[in-house]
Amino acid sequence: MAVSDRPPRNAFVAKARKVYNPIGFSKGYNFILWFIFVGALFGFTLARLEYLDFWGVFCNPDAENGSGALPGECFYYTQPGRFQIGIILHLATVLPASLLACLQFVPVIRHKVIIFHRINGYIVVTLATVASAAAIVIARHSAGGGVDVQVLVGLLAILFVGSFVISIINVKRLQIEQHRAWMIRAWVYGSAIITLRIGLIIGAIVVSKIGGHYLAQPCDKINFALQGEDATMHFYPECAPLFSGENLDQQATVSVNYFGQNAIEVGAAFNIIFGPAALVALVLHAFSVELYLRLTPAESERLRKVSYQRQLEAGMKNPGSAGLTADRLGDARKWTPDSDSNLNSSQSYEALKGANVEMQRLSLTSSQTGNA
């Protein structure tokens, strides 16, 4: 159980510590941030576990809570091929990975059950990497499949998986503070999908209220979303070449309207705003995680001292900077431990001896100058 080195300010703090100290938190603000952000990821994932029932829920327009996909998307996902494989693989990996990732951020597990933390970490990274690859596969038809959507899916995958790679390299080099920083970055980037959902709804409403936006949609997708030729021809008579067989790639101009007359207009509202909403969400999360890491230098320094000690014991070169650190790879000042507590007894003795010799030399020089 973590224990704070400061007495509680009041009775509320004393009671609160009885809640968060057993979980492994020594500081209240860390517990609050953990509860909000890890709790959001946990709740978001739990609410979508039903999507693992692909045919019964995710791509079932008659499901109790509606389809999990955007209107028209399942036209591509229900056809055998790479898009169907991609979406099923994505759901089957990203949901378990997100749930298990929440356990990685529980301090008591990291401290008391380190073997579980390590094994679970490798499982999470493997599942999340597969999920990212599957997301790239389906990006061509996700949320309309526009170039903006494909680029942002690729960018998020690079940031997500790239952070994993850097984090793993650092933990293999016992650079714990960098492992912490990059793993936090990875999941803050990945969690942008939660903020995206909020921005998606707000953006779709705003764009619809402004009006005057239109989006070209394939007629076969429209026909799937409206569930029949009659409804499709009623709203989009320009789709006639599709049904006559004259042009199977016929497109129709769809009004972007969240409050529209049919499902495809609602889908168009989400499709047109998905790219901008994803970009805003990703920028907000990237800014927030860097702000958090800059505001917690004490924790980073504490873990770097732990890294220094472990690297020293392991006989690594450049203890304290054996991993991917700024002073080793960049132009940062060489890091050194600022306390003798990080040194072993012989090193402490040599450091103290050297300091005494230097003080005697300075004292002798000063007395000679005075005599002169």
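To be clear, the structure that these remarks concern was listed above.
Keep in mind that this is a model prediction, so the values were computed, not measured.

(A) Representation of the overall build of the chain. In terms of helices and strands, the chain carries 17 helices and two strands. By the burial criterion, 38% of the 372 residues in the chain qualify as buried. When contacts within the chain are restricted to residue pairs at least 6 apart in sequence, those whose partners lie at least 24 apart make up 63%. For the chain, the computed accessible surface area is about 20,800 Å², with 63% contributed by carbon and sulfur atoms.

(B) Looking closely at a nonpolar patch on the surface. The grouping of Leu103, Val113, Ile114, Ile115, Phe116, Ile119 and Ile123 at the surface amounts to a nonpolar patch, some 570 Å² of accessible area in total. A total of five residues in the nonpolar patch trace back to one element, the largest contributor, which is helix H7 (residues 114-138). Tracing the backbone shows Leu103 in helix H5 (residues 82-104). With relative accessibility at 32%, the residue Leu103 sits in the partly exposed group.

(C) Representation of the pattern of salt bridges. Per the counting criterion, the structure on display carries five salt bridges. A salt bridge links Glu290 to Arg185; its shortest N-O distance comes to 2.6 Å. Of the two residues, Glu290 sits in helix H14 (residues 263-294) while Arg185 sits in helix H9 (residues 176-190), which places them 105 residues apart along the sequence. Arg185 sits in the buried class, given a relative accessible area of 10%. Here Asp327 and Arg304 are joined by a salt bridge, their closest N and O atoms 3.0 Å apart. Note that Asp327 is positioned in helix H16 (residues 326-329) and Arg304 in helix H15 (residues 297-313), a separation of 23 residues in sequence. The pair formed by Asp327 and Arg304 is uniform in burial state, with each residue classed as buried. In the salt-bridge network here, residues are joined through shared partners; they are Glu177, Arg304 and Asp327.

(D) Geometry of the packing of aromatic side chains. The tally for this structure, following the rule as stated, stands at 17 aromatic pairs. Among the aromatic residues, those joined into a ring-pair cluster are Tyr51, Phe54, Trp55, Phe58 and Tyr77. For Lys209, the ring lying beneath its charged end belongs to Phe259, and the centroid distance is 5.1 Å.

(E) Structural detail: the packing of helix H8 (residues 147-172) against H9. Look at H8 against H9: their axes get within 8 Å of each other, and the N-to-C directions meet at 160°. As judged from the angle between their axes, H8 and H9 are roughly antiparallel. Crossing angle aside, the handedness with which H8 passes H9 is left-handed. Side by side, H8 and H9 meet where Leu156, Leu159, Phe160, Ser163, Phe164, Ile166, Ser167, Asn170 and Val171 of the first sit next to Gln178, His179, Trp182, Met183, Arg185, Ala186, Trp187, Tyr189 and Gly190 of the second.

(F) Representation of H9 in the model. Taking 1.5 Å per residue as the helical rise, H9 with its 15 residues ought to reach 21 Å, and the 21 Å between its terminal C-alpha atoms agrees with that figure. Counted residue by residue, H9 has 13 buried out of 15 residues, so it is predominantly covered.

(G) Spatial organisation of the state of the cysteines. Within the structure shown, the criterion is met by two disulfides. Shown here is the disulfide that connects Cys59 with Cys74, its sulfur atoms set 1.9 Å apart. Torsion about the S-S bond of the Cys59 and Cys74 cystine: about -85°, corresponding to left-handed handedness. With a gap of 15 residues between them, Cys59 in the loop between helix H3 (54-58) and helix H4 (74-77) and Cys74 in helix H4 connect regions that are remote in the sequence. Accessibility assignment for this pair places Cys59 and Cys74 in one class, buried. Disulfide partner of Cys219: Cys239, at an S-S distance of 2.1 Å. Taking the sign of the torsion about the S-S bond as the criterion, the disulfide between Cys219 and Cys239, at about -80°, is left-handed. Residue Cys219 is found in helix H11 (residues 219-226), and its partner Cys239 is found in the loop between helix H12 (229-235) and helix H13 (240-244); the two are separated by 20 residues along the sequence. Taken N- to C-terminal, the disulfide-bonded cysteines of the chain are connected 1-2, 3-4.

(H) Expanded view of the environment of Ser208. By the element assignment, Ser208 lies in helix H10 (residues 192-210). In sequence terms Ser208 and Asn257 are 49 residues apart; their C-alpha atoms lie 4.7 Å from each other. If sequence neighbours within four positions are ignored, Ser208 has contacts with Val256, Asn257, Tyr258, Phe259 and Ala269.

(I) Main features of the environment of Ser300. The topology assignment puts Ser300 in helix H15. For Ser300, a relative accessible area of 24% puts it in the partly exposed group. The spacing of Ser300 and Gln178 is 122 residues in sequence and 8.1 Å in space, taken between C-alpha atoms. When neighbours within four sequence positions are excluded, Ser300 is seen to be in contact with Glu177 and Arg180.

Thresholds, definitions, all that
- Residues numbered from 1 in each chain as written.
- Predicted model: local features only at pLDDT ≥ 70, side-chain atom pairs only at ≥ 80, totals over all residues.
- Heavy atoms only, no water.
- Helix = DSSP H or I, 4+ residues; strand = E, 2+ residues; numbered from the N terminus.
- Buried < 20%, exposed > 50% of the residue type's maximum accessible area, 1.4 Å probe, protein only.
- Contact = heavy atoms within 4.5 Å.
- Areas by Shrake-Rupley, 256 points an atom, 1.4 Å probe, with all protein chains shown as cover.
- Patch = residues over 30% accessible without salt bridge, like charges linked within 9 Å, V, L, I, M, F, W, Y side chains within 5 Å.
- Salt bridge = Lys/Arg side-chain N within 4 Å of Asp/Glu carboxyl O.
- Phe/Tyr/Trp six-rings, centres within 6.5 Å; stacked < 30°, edge-to-face > 60°.
- Lys NZ or Arg CZ within 6 Å of the ring centre and 35° of its normal.
- Axes fitted to C-alpha atoms, helices over the stretch in contact; angles between N-to-C directions.
- Parallel < 35°, antiparallel > 145°, perpendicular 65-115°, else oblique.
- Left-handed = near helix turned anticlockwise from the far one by under 90°.
- Expected span 1.5 Å × (residues − 1).
- Disulfide = S-S within 2.5 Å.

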